[in-house]
Amino acid sequence: MKSPRERIIETTFQLFARQGYNSTGINQIISEAEVAKASFYQYFKSKEDLCVEFLKVRHEYWFNELHNFLAKEKDSKTTKAFDFLVYMNEKENFRGCSFLNILSEIPMDNIKILSVIQSHKADLRNYFSELIDDDELSDHVYMLFESSIIESQLFKSNELIEKSKKIVTNLIQ
């Protein structure tokens, strides 16, 4: 049996994915997570605090999935990272990036949530800079990776992920 906190986070992921951050209310989360209102407020002071925690959990989950996916790789982890996007699209039905989805819904002065999103993207950018020993090239690959996420969500297709992977393969040879 999952703890109330775990149920809240899991329900939050489902609701944010289905209807977005702004259209999801605390009362709906409480109801669908089957927790008492007091339990919700024991863990989270506000919807904003819940969103920050959700994004932190999502960050850990996403990077763990990436590392597990690439763990057995002997070839280029750079190009295989694009295969990871295909894997995630199949697993999560092209839901896209939780961080960018929420970014599109918050005001830019919401520093609390914005800083968590920026931190996630900085970690992803650093991930590629650790794989590729050329700053301009690693940033180029990072940008292809990011745009692949958005385009695959928009068109519910892995076509541009595959094209980006071919471009990256040619760039890093």
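Reference entry: report on the structure contained in this document. Predicted, not measured: the structure shown is a model, and the values here were computed from it. (Residues numbered from 1 in each chain as written. Predicted model: local features only at pLDDT ≥ 70, side-chain atom pairs only at ≥ 80, totals over all residues. Heavy atoms only, no water.)

### Thoughts on the overall build of the chain
Selection rule: Note on conventions: DSSP H or I runs of at least 4 residues are helices, E runs of at least 2 residues are strands, and numbering of each starts at the N terminus. Remark: exposure states derive from per-residue accessible area (1.4 Å probe, protein chains only) relative to the maximum for the residue type, with buried under 20%, exposed over 50%, and partly exposed in between. Accessible surface area values rest on a Shrake-Rupley calculation with a 1.4 Å probe, where residue burial reflects the displayed protein chains alone. Only four residue types enter the tally: Lys and Arg on the positive side, Asp and Glu on the negative side; His and the chain ends are excluded. One atom stands in for each charge, and that atom is NZ of Lys, CZ of Arg, CG of Asp or CD of Glu.
Looking only at helices and strands, the chain features nine helices and zero strands. Ordered by position in the sequence, the α and β elements of the chain form the string α-α-α-α-α-α-α-α-α. Residues classed as buried in the chain amount to 44% of the 173 residues present. Looking at the chain as shown, the accessible area adds up to about 9,600 Å², and 50% of this sits on carbon and sulfur atoms. Across the chain, 22 positive and 27 negative side-chain charges occur, with their mean positions spaced 6 Å apart.

### Focus on the layout of surface pockets
Just so we agree on the cut-off: In the cavity and pocket records, a cavity denotes points on a 1 Å grid over the protein atoms alone where a 1.4 Å probe fits but cannot get out, a pocket denotes an open set with protein on both sides within 12 Å along at least 5 of 7 lines, and lining residues are residues with an atom within 4 Å of a point. Grid points are joined across faces, edges and corners, and a volume is the space filled by probe spheres set on the points. Polarity classes work like this: nonpolar for Ala, Val, Leu, Ile, Met, Phe, Trp, Tyr, Cys and Pro, charged for Asp, Glu, Lys and Arg, and polar for all others, with Gly in that last group.
Within this model, the largest pocket holds a volume of roughly 300 Å³. Of all the secondary structure elements, the ones that give two or more residues to the lining of the largest pocket are α1 (4-19) and α4 (47-70). Take the lining of the largest pocket: its biggest share by element is six residues, from α1. Grouping the constituent residues of the lining of the largest pocket by class yields five nonpolar, one polar and six charged.

### Overview of the environment of valine 116
Quick note on the threshold: Pairs of residues are marked as contacts when any of their non-hydrogen atoms sit within 4.5 Å.
Locating valine 116 in the fold gives a position in helix α7 (residues 111-131). Classification of valine 116 as buried rests on a relative accessible area of 14%. Linking valine 116 and lysine 56, residues 60 residues apart in sequence, is a C-alpha distance of 7.3 Å. Residues within four places of valine 116 in sequence aside, it is in contact with Val52, Leu55 and Lys56.

### Some details on empty space enclosed by the protein
Enumeration according to the criterion identifies one cavity of 30 Å³ or more in this entry. Of the volumes computed, that of the largest cavity is approximately 180 Å³. Lining the largest cavity we find 17 residues, and of these Trp62, Leu85, Gly96, Cys97 and Ile149 sit closest to its centre. Secondary structure elements with two or more residues in the lining of the largest cavity: α4, α5 (77-92), α6 (98-103), α7 and α8 (135-155). At four residues, α5 tops the list of elements feeding residues into the lining of the largest cavity. Residues that form the lining of the largest cavity fall into these classes: seven nonpolar, five polar and five charged.

### Some points on the side chain of threonine 12
Following the sequence through the fold, threonine 12 ends up in helix α1. Judged by its relative accessible area of 0%, threonine 12 is buried. Residues in contact with threonine 12, not counting those within four places in the same chain, are Ile29, Leu50 and Phe54.

### Here we look at the packing of aromatic side chains
Put simply, the rule reads: Any two rings among Phe, Tyr and Trp, with Trp reduced to its six-membered ring, count as a pair given centres within 6.5 Å; such a pair is stacked if its planes are under 30 degrees apart, edge-to-face if over 60, and tilted if neither. Placement of a charge over a ring requires the Lys NZ or Arg CZ to be within 6 Å of the ring centre, with the centre-to-atom vector within 35 degrees of the ring normal.
Counted under the stated rule, the structure contains 15 aromatic pairs. Ring geometry for phenylalanine 40 versus phenylalanine 44: centroids 5.7 Å apart, planes at 50°, classification tilted. The class for phenylalanine 40 is buried, based on a relative accessible area of 0%. The class for phenylalanine 44 is buried, based on a relative accessible area of 3%. Grouping aromatic residues by their ring pairs yields a cluster made of Trp62, Phe63, Phe69, Phe82, Phe84, Tyr87, Tyr127, Phe128 and Phe145. Residue placement shows lysine 47 over the ring face of tyrosine 21; its charged tip is 4.4 Å from the ring centre.

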